[in-house]
Amino acid sequence: MQSTDIGHPDYFHKVVDCQWACPAHTPVPEYIRLIADGRYADAYMINWKSNVFPGVLGRTCDRPCEPACRRGRVEETAGHTPEPVAICRLKRVAADYKGDVSARMPDAPAQRNGKRVVCVGAGPASLTVARDLAAIGYEVVVYDGESRAGGFIRTQIPRFRLPESVIDEEIGYILGLGVEFRSGQRIDSMKDLLAQGFDAIFVGCGAPRGRDLDIPGRREAAAQIHIGIDWLASVSFGHVHRVGRRVIVLGGGNTAMDCCRSARRLGGEHVTVVVRSGFEEMKASPWEKEDAMHEGIPIRNFLVPVAFLHSEGRLTGMQFQQVRPQVDAQGRRQLLPTGEPDIEIDCDEVLIAVGQENAFPWIERDAGIEFDRWGLPKLDEQTLQSTHPKVFFGGDAAFGPKNIIWAVAHGHEAAVSIDRMLNGENLRERPIPAPLLVSQKMGIHEWSYDNDITTAARNKVPWAPLEHTLNNIKAEVELGFDPQLAWKEAQRCLNCDVQTVFTLNKCIECDACVDICPMDCISFTANGPEAELRTRLTAPAQNRSQDLYVADGLKTGRAMVKDEDLCLHCGLCAERCPTGAWDMQKFFLEMVHAGPGCRTGEGVRRAA
């Protein structure tokens, strides 16, 4: 194997598993250390730069960072139940205890650059575009059919998960940059919008249409059957105050969990979630399912809807076919009838939450924007530019429903594309973030970070009492960590951004680092092809998704090979090394957003 180029920005970025997994690449260990130090405002601002909505995401993020967390892998290897660091809940701590950060927010530019950008929809993707571009001098106009900005953050996430005050605060920081918000104005023609002379258009209108279920009885009992996302919006705006005593929620995603928990608070005494698939295959986040069951809501699976039952024009129940999973010879999973009799579940109302679809009736098909056979716009997946050079898409409107953090990531990328386009740059050339490595050494055996490894289990977030939350749809369920619990949870972070950096010409091959390493992740051995080399390290390196750190050319002809997958970043190798060949260096990677840094001459790379 060739010696590792640790100067490449992706190398150590991939080692910081949580940051690599985050679509917005938030520097997670950095802000966790700040939280542990009680520097909540600093932690919040680091989050705000990357993910724009720390308070919102600290309560609602889909948490792709947590399954990637090294802590979970290490505990699994040790035979413990894998429990990642509670990254999302620590993010909320920064938001809850930051104090007044308004003075730290950028001011609206005194002068604009003469370029006008319009965003359709005021959801997280559009607001991210607005935040990035307004701050560097663009005139940004945001249209939305609702009276208040936020998109599905405001309309589809219940207040018991996300208080309105948090939404208002974080959207306020964006609109305070001089963004013009045209509320209550729904765009109904792309051609008319193009004719208004905007220099670029960003479409971030979400996936506003919930899928229906066209089975017998749907039309006859229509008054008691509701599309989940529309129903949640009606609840959010105060149009719905009560539900029937018996409610069935169809679907296994997060929208279904929000529907069933909302129904429970609006008078549903017997609320049941019914899914076609198995419990483990539900799309809902594990914690969303846990919260629903904690509130006494059963989840019944492997039931396929057959019919809505009704009498004299009123819904009385639903009929379901019982199925079982089976994998065919090609490895495809199917749901087959069990042969058992269909079952009936009595109900007064049904909420359908079986998926969402994009709907673009306002985009004329001769406006220069092409769509695929699923009704999605044809986009450059990296630049998010459509077949019309001035029009960009992001969030759910781009590739279908995902989550808030993906919408933010799309917003950042689209803002870079718009900024480059309007400055005459090639959109396919993307900015390279500059990695920074700084030694943490303060003395022979002293480091400027805490490298003790705690064996503590993941801390539980406190919940408000059920008797309070189930009687008040606006009462927040999760109370969040207090500073003491936050400090304890922060200690579980392995500081994966503090890297073990090896200097070849300082090594005397004493193998002291090999002896001291608690994970057996360092080997001094003959070089060879990667597949073969992985099998003969001190501990075989089995996770091929994580690179090997190779330094070839030692005086004995051997190579130093370190398995980045197993490393705890404890620093014992650097403490033991008599020559300083090992050093602990903090890696910081700040993503390049729209602005001068994303243009030619400031460092860009051509997209693959």
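Residues numbered from 1 in each chain as written. Predicted model: local features only at pLDDT ≥ 70, side-chain atom pairs only at ≥ 80, totals over all residues. Heavy atoms only, no water.

Draft legend 1. Spatial organisation of the overall build of the protein. Along the protein, the regular secondary structure elements total 22 helices and 26 strands. For the protein, the C-alpha radius of gyration of 27 Å lies close to 25 Å, the compact-globule estimate for 608 residues. Counting only C-alpha atoms, the protein reaches 90 × 65 × 50 Å along its principal axes. A total of 608 residues make up the protein; the buried ones form 55% of that total. The contacts in the protein between residues at least 6 apart in sequence include a share of 72% that link residues at least 24 apart. About 25,800 Å² of surface is accessible on the protein, with carbon and sulfur atoms providing 49% of the total. One way to put it: in the protein the 69 positive side-chain charges average out to a point 1 Å from where the 82 negative ones average out. (Helix = DSSP H or I, 4+ residues; strand = E, 2+ residues; numbered from the N terminus. Rg over C-alpha atoms; globule rule 2.2 N^0.38 Å. Buried < 20%, exposed > 50% of the residue type's maximum accessible area, 1.4 Å probe, protein only. Contact = heavy atoms within 4.5 Å. Areas by Shrake-Rupley, 256 points an atom, 1.4 Å probe, with all protein chains shown as cover. Lys, Arg positive; Asp, Glu negative; His and termini not counted. Charge placed at Lys NZ, Arg CZ, Asp CG, Glu CD.)

Draft legend 2. Geometry of the sheet that holds strand β18 (residues 435-439). If you trace the three strands from one edge of the open sheet to the other, you get β18-β25-β21, paired in antiparallel fashion. Pairing within the sheet leaves two strands with one partner each, and these edge strands are β18 and β21 (498-502). Each strand axis lies, on average, 40° off the axis of its neighbour in the sheet, ignoring direction. Alignment of β18 against strand β25 (residues 582-589), held across five bridges, turns out to be antiparallel. Its bridge partner lying in β25, Val 438 is registered against Lys 586. (Pairing = 2+ DSSP bridges. Axes fitted to C-alpha atoms, helices over the stretch in contact; angles between N-to-C directions.)

Draft legend 3. Spotlight on the domain arrangement of the protein. When the domains of the protein are assigned, the result is domain 1 (116-208 + 358-422) and domain 2 (210-356). The distance between the C-alpha centroids of domain 1 and domain 2 comes to 31 Å. On the side of domain 2, 13 residues touch domain 1, which itself brings 13 residues to the contact. One can count two salt bridges joining domain 1 with domain 2. For Arg 161, the salt bridge goes to Glu 288, with nearest N and O atoms at 2.9 Å. The tally of links from domain 1 across to domain 2 stands at six residue pairs in polar contact (both at pLDDT 80 or more). Class assignment of the residues belonging to the side of domain 1 that touches domain 2 gives a composition of six nonpolar, three polar and four charged. (Domains from an automatic or database assignment. Salt bridge = Lys/Arg side-chain N within 4 Å of Asp/Glu carboxyl O. Polar contact = N/O pair within 3.5 Å; in protein donor to acceptor, adjacent residues only side chain to side chain. Nonpolar A, V, L, I, M, F, W, Y, C, P; charged D, E, K, R; others polar.)

Draft legend 4. Quick look at the state of the cysteines. On inspection of all chains with the given rule, the structure shows zero disulfides. Free cysteine: Cys 513, not disulfide-bonded; nearest cysteine sulfur from Cys 510 at 6.5 Å. Not engaged in a disulfide, the cysteine Cys 521 finds its nearest cysteine sulfur in Cys 517; these two sulfurs lie 3.5 Å apart. (Disulfide = S-S within 2.5 Å.)

Draft legend 5. Looking closely at helix α19 (residues 483-490). All of the buried residues along α19 are Leu 485, Ala 486, Glu 489 and Ala 490. On an axial view of α19, the arc spanned by its buried residues comes to 135°, and they lie on one face. In this structure, the buried side of α19 is in contact with α3 (28-36) and α8 (87-97). (Arc of directions from axis to C-beta.)

Draft legend 6. Just the nonpolar core, in detail. Of all hydrophobic cores here, the largest spans 68 residues; its most connected members are Phe 502 and Trp 582. With residues near it in sequence (within four places) discarded, Trp 582 still touches Thr 500, Val 501, Phe 502, Cys 513, Ile 522, Tyr 549, Met 560, Lys 562, Cys 573, Ala 574 and Cys 577. Val 117, Tyr 138, Ile 153 and Val 166 belong to the second largest nonpolar core, which has 45 residues in total. (Core = buried A, V, L, I, M, F, W, Y, C linked by side-chain atoms within 4.5 Å.)

Draft legend 7. Up close: the pattern of salt bridges. According to the stated counting rule, one finds 51 salt bridges in the structure shown. A salt bridge links Lys 586 to Glu 30, with the shortest nitrogen-to-oxygen separation between them at 3.3 Å. Of this pair, Lys 586 sits in strand β25 while Glu 30 is found in helix α3, placing the two residues 556 residues apart along the sequence. Taking the shortest distance from any N to any O, the salt bridge between Arg 33 and Asp 497 comes out at 2.7 Å. With a gap of 464 residues between them, Arg 33 in helix α3 and Asp 497 in the loop between α19 and β21 connect regions that are remote in the sequence.

Draft legend 8. Structural context of the packing of aromatic side chains. For the coordinates displayed, the defined rule picks out nine aromatic pairs. Centroid distance Phe 12 to Tyr 549: 6.3 Å. Interplanar angle 90°. Geometry classified as edge-to-face. Note that Phe 12 is positioned in helix α1 (residues 9-15) and Tyr 549 in strand β23 (residues 548-552), a separation of 537 residues in sequence. Accessibility expressed as a relative area gives 3% for Tyr 549, which makes it buried. Ring geometry for Phe 360 versus Phe 371: centroids 5.6 Å apart, planes at 40°, classification tilted. (Phe/Tyr/Trp six-rings, centres within 6.5 Å; stacked < 30°, edge-to-face > 60°.)

Draft legend 9. Representation of the side chain of Ser 285 within the structure. Note on placement: Ser 285 falls in the loop between β8 (270-274) and α15 (286-294). In this view, Ser 285 contacts Asp 62 and Asn 254; residues no more than four positions away in its chain are not counted.

Draft legend 10. Region of the structure containing the packing of helix α13 (residues 228-236) against helix α14 (residues 254-265). Relative to each other, α13 and α14 sit at 45°, their axes nearing to 10 Å. Between α13 and α14, the interaxial angle falls into the category oblique. The element α13 and its partner α14 pack so that their crossing is left-handed. Residue-level contacts link Gly 228, Ile 229, Trp 231 and Leu 232 of α13 to Thr 255, Asp 258, Cys 259, Ser 262 and Ala 263 of α14. Its residues assigned to classes, the contact of α13 with α14 shows five nonpolar, three polar and one charged. (Parallel < 35°, antiparallel > 145°, perpendicular 65-115°, else oblique. Left-handed = near helix turned anticlockwise from the far one by under 90°.)

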